[in-house]
Amino acid sequence: MTTAPLELETVTPEETRDAAAAVAGLVAPGDVVILTGELGAGKTSFVQGAARALGVTEPVLSPTFVLVREYRGDVPVYHVDVYRLERIQEVLDLGIEDLLDPAGVAFIEWGDVIEQLLPTSHLEVRFSAPDDQRRRLRMTGHGSWIPRWERLESALVRWVAA
Ligand code: ADP
Ligand code: MG
């Protein structure tokens with residue numbers, strides 16, 4: 001089960017972080033947020049905004065040398081970056097379910113998403129960069145996100161794309 005897509009547009013990295021903070025207001029332990037899109041599309045900026053809203057005070061950087069970084073917030077916040085191809089093999093080897101902590105919230109940056117690997121319930125955010133400043137964020141909710149969709153739309157109304 002999937003929601004209708006929600007299309008957002010931001011024009012600064014701070015706006016992308018603010019939109020992510022609004023999403024963070026609706027997350028629950030065990031949630032998985034999948035971020036897809038090219039390098040520089042804004043995936044890490046999004047994680048920074050969400051993590052900050054979840055009480056993480058440490059700076060969130062791209063987890064280049066490790067597959068998963070854990071941050072202490074109001075809940076454990078996991079930042080996974082499988083953008084690089086060799087990381088995908090690690091995810092395949094470990095199994096995505098074993099990477100995930102039911103007590104935490106996971107943000108997974110993924111280049112080309114492998115749908116079959118995703119948990120049934122997740123929020124997907126597809127980023128694109130029409131120019132230097134603008135970013136399109138196309139969100140779709142799966143499973144447990146469906147009953148939250150109206151609240152998510154309300155929280156993000158400011159960034160809804162024309
Ligand atoms: P990714 O993780 O997808 O590679 P990052 O968040 O690390 O992307 O980088 C996004 C880059 O784009 C940053 O250099 C940021 O300053 C720039 N940028 C410009 N406009 C935006 C925007 N509206 N939202 C997010 N990032 C933006
Ligand atoms: Mg990144």
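Higher on the page you've got the structure.
Scope of this entry: the structure provided in the associated data block.

Cut-offs applied
- Residues numbered from 1 in each chain as written.
- Chains lettered and ligands numbered in written order.
- Predicted model: local features only at pLDDT ≥ 70, side-chain atom pairs only at ≥ 80, totals over all residues.
- Heavy atoms only, no water.
- Helix = DSSP H or I, 4+ residues; strand = E, 2+ residues; numbered from the N terminus.
- Buried < 20%, exposed > 50% of the residue type's maximum accessible area, 1.4 Å probe, protein only.
- Contact = heavy atoms within 4.5 Å.
- Donors = N, O, S within 2.8 Å, 3.2 Å for Na, K, Ca; no water.
- Core = buried A, V, L, I, M, F, W, Y, C linked by side-chain atoms within 4.5 Å.
- Near = heavy atom within 4 Å.
- Polar contact = N/O pair within 3.5 Å; in protein donor to acceptor, adjacent residues only side chain to side chain.
- Areas by Shrake-Rupley, 256 points an atom, 1.4 Å probe, with all protein chains shown as cover.
- Expected span 1.5 Å × (residues − 1).

### A few points about the environment of Leu-137
Link 1 in the chain: If you trace the backbone, Leu-137 turns up in strand S7 (residues 135–142).
Link 2 in the chain: Taking relative accessible area as the criterion, Leu-137 reaches 0% and is therefore assigned buried.
Link 3 in the chain: Note: C-alpha distance between Leu-137 and Lys-43 (94 residues apart in sequence) is 9.7 Å.
Link 4 in the chain: Setting aside its immediate chain neighbours within four residues, Leu-137 contacts Leu-6, Glu-7, Leu-8, Thr-10, Phe-46, Val-125, Arg-126 and Phe-127.

### As for the coordination of the magnesium ion (ligand 2)
Link 1 in the chain: The magnesium ion (ligand 2) binds to the protein through Thr-44 (OG1) and Glu-109 (OE), with metal-donor distances spanning 2.1 to 2.2 Å. Here the residue Thr-44 occupies a position in helix H2 (residues 43–53), and Glu-109 occupies one in strand S5 (residues 105–110), the gap between them amounting to 65 residues. The same class applies to Thr-44 as to Glu-109, namely buried.

### Points about H2
Link 1 in the chain: Across the 11 residues of H2, eight count as buried, placing the element largely inside the fold.
Link 2 in the chain: Every buried residue of H2 is listed here: Lys-43, Thr-44, Ser-45, Phe-46, Val-47, Gly-49, Ala-50 and Ala-51.
Link 3 in the chain: Where H2 is buried, its residues meet helix H1 (13–24), strand S2 (32–36), strand S4 (76–82), S5, strand S6 (122–128) and S7.
Link 4 in the chain: Positive phi appears at Gly-55, one or two residues downstream of H2, with a value of about 90°.

### A short note on the nonpolar core
Link 1 in the chain: In terms of nonpolar packing, the biggest core is built from 34 residues, with Phe-46, Phe-107, Met-139, Leu-152 and Leu-156 touching the most fellow members.
Link 2 in the chain: Secondary structure elements with two or more residues in this core: strand S1 (6–10), H1, S2, H2, S5, S6, S7 and helix H5 (149–155).
Link 3 in the chain: Setting aside residues up to four positions removed in sequence, Leu-156 forms contacts with Leu-6, Leu-8, Ala-19, Ala-22, Val-23 and Met-139.
Link 4 in the chain: Counting 17 residues, the second-largest nonpolar core is a separate cluster that includes Val-80, Val-91, Leu-100 and Ala-106.

### Let's talk about the site of ligand 1
Link 1 in the chain: Lining the immediate environment of ligand 1, one finds 17 residues, of which Thr-16, Gly-40, Lys-43, Ser-45 and Gln-133 sit closest.
Link 2 in the chain: The separation between a nitrogen atom of ligand 1 and a polar main-chain atom of Gln-133 is 2.8 Å.
Link 3 in the chain: Against a free-state accessible area of 570 Å², the protein chains account for coverage of 76% of ligand 1.
Link 4 in the chain: Elements that contribute at least two residues to the shell around ligand 1 include exactly H1 and H2.

### Some words on H1
Link 1 in the chain: Between its first and last C-alpha atoms H1 spans 16 Å; for 12 residues at 1.5 Å apiece the expected length is 16 Å, and the two agree.
Link 2 in the chain: Taken together, the buried positions of H1 are Thr-16, Arg-17, Ala-19, Ala-20, Ala-22, Val-23 and Ala-24.
Link 3 in the chain: On its buried face, H1 sits against S1, H2, S6, S7 and H5.

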